[in-house]
Amino acid sequence: MISVSLCMIVKNEEDVLARCLESAAGLVDEIILVDTGSTDRTREIAARFTEQIYDFPWRDDFAAARNESFAHASMDYCLWLDADDVLLDADRTAFMRLKETLEPNVSVVMAPYNVGFDESGRVTFSYYRERLIKNRSGMFWAGAVHEAVTPAGTLLYADFAVTHRKTRPSDPDRNLRIYQTQLAAGVQLEPRQQFYYGRELYYHSRWSDALAVFEDFLSEGRGWVENNIDACCLCARCQEELDRPDEALAALLRTFSYDRPRAEACCEIGRWFLQREQYSKAAYWYALALTCPRDDRRGGFVSPDCYGYLPCIQLCVCHSRLGDQERAEAYNELAAACKPDSPAVLHNRTWFQSLRTPDTFS
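Below is a short write-up of the structure. (Residues numbered from 1 in each chain as written. Predicted model: local features only at pLDDT ≥ 70, side-chain atom pairs only at ≥ 80, totals over all residues. Heavy atoms only, no water.)

**Concerning the packing of helix α9 (residues 245–254) against helix α10 (residues 263–275)**
- Packing of α9 against α10 leaves a shortest axis separation of 10 Å and a crossing angle of 155°. Overall, the two elements α9 and α10 adopt an arrangement that is roughly antiparallel. Where α9 crosses over α10, the two elements pack in a sense that is left-handed. Of the residues in α10, those touching α9 at Pro245, Asp246, Ala248, Leu249, Leu252 and Leu253 are Glu268, Ile269, Trp272 and Phe273.
- Looking at the contact of α9 with α10 residue by residue, the classes come out as eight nonpolar, no polar and two charged. (Axes fitted to C-alpha atoms, helices over the stretch in contact; angles between N-to-C directions. Helix = DSSP H or I, 4+ residues; strand = E, 2+ residues; numbered from the N terminus. Parallel < 35°, antiparallel > 145°, perpendicular 65-115°, else oblique. Left-handed = near helix turned anticlockwise from the far one by under 90°. Contact = heavy atoms within 4.5 Å. Nonpolar A, V, L, I, M, F, W, Y, C, P; charged D, E, K, R; others polar.)

**So, the pattern of salt bridges**
- For the structure on display, the rule yields 30 salt bridges.
- A salt bridge links Arg168 to Glu13, with the shortest nitrogen-to-oxygen separation between them at 3.2 Å. Taken together, the residues span a long stretch of sequence, with Arg168 in the loop between β11 (162–164) and α5 (174–184) and Glu13 in the loop between β1 (4–10) and α1 (17–24) at a distance of 155 residues.
- Judged by its relative accessible area of 36%, Arg168 falls in the partly exposed class.
- Judged by its relative accessible area of 18%, Glu13 falls in the buried class.
- Residue Arg122 is joined to Asp341 by a salt bridge in which the shortest nitrogen-to-oxygen separation is 2.6 Å. One end of the pair, Arg122, is in the loop between β6 (106–117) and β7 (123–134); the other, Asp341, is in the loop between α13 (325–338) and α14 (343–356), with 219 residues separating them in the sequence.
- Looking at Arg122, the relative accessible area reads 25%, which means it is partly exposed.
- Bridged by salt links that share partners, the residues Asp118, Arg122, Asp305, Lys339 and Asp341 form one connected network. (Salt bridge = Lys/Arg side-chain N within 4 Å of Asp/Glu carboxyl O. Buried < 20%, exposed > 50% of the residue type's maximum accessible area, 1.4 Å probe, protein only.)

So this is what it looks like as structure tokens:
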């Protein structure tokens, strides 16, 4: 059985750290915490789980801090978690099963990172991350923000997931501030970082600035296909905010120049037509979304609702507006198969029932 070092970087995490470490307890063989300047009870809580707590002065570089945590690891593999991550019971079981069976030739274990949830706790946003990395294998973290390890060697896709559960907002300006400091110092962002810089501008509602960065990113032609597709979708949102709907649609259609249609892009195009009450065209794109195979292992951002619930509930709307209530109701039931407790599904059922109920006053 392989051995695992849990490597974490922390700062003022007293509200979530114990939850995270308790979820990993018994799964790992050592716990390493690199503290980048806590002023709360973080170190006190960490000391209940490990003696390996190291200071590392924060210098606006997440990759440097993560590499420092890996540098102290002595086990076969390094597992990274953020303090507001947790391993749920089913994932703990799957992790232990993997640990007992993992072949030593595997260099990187990829695992889903579940970061968005609906009101019932179902995952609405997820993507694969490099989660277990073979120690002393020559792979290092890169990127001051949105840091990542470029996987090399033999990869394995695991069936355990890490769940991200924030309890409080982080500094909303931190990432953008780091990028702008780098740019002011003359740093030229590599493609992945350029893409994420555009996202930070987008999150700050700086539509024109974000659009310019995304357009530069795409025109250079050096981006990863999944980032290219996502950049097109974000360009579309920026164009909409700038009241340029035709350019928004063009940006969405551009996604098809990079790869086969993604359900996420098809749903966005469907939304574009639905907003303009072009129901037949909207229905076409939502129906196309239902034919798109979901492949989380491609590594891009995945919105599971786009591969079932969302197209079905919107097809219900489209066909109802087109006067085909029978077909609309059928799509509502398909949406119910995905989310039986959806308020929209329940509302639609009441509506369809009312259509079948004779008017007692007629």
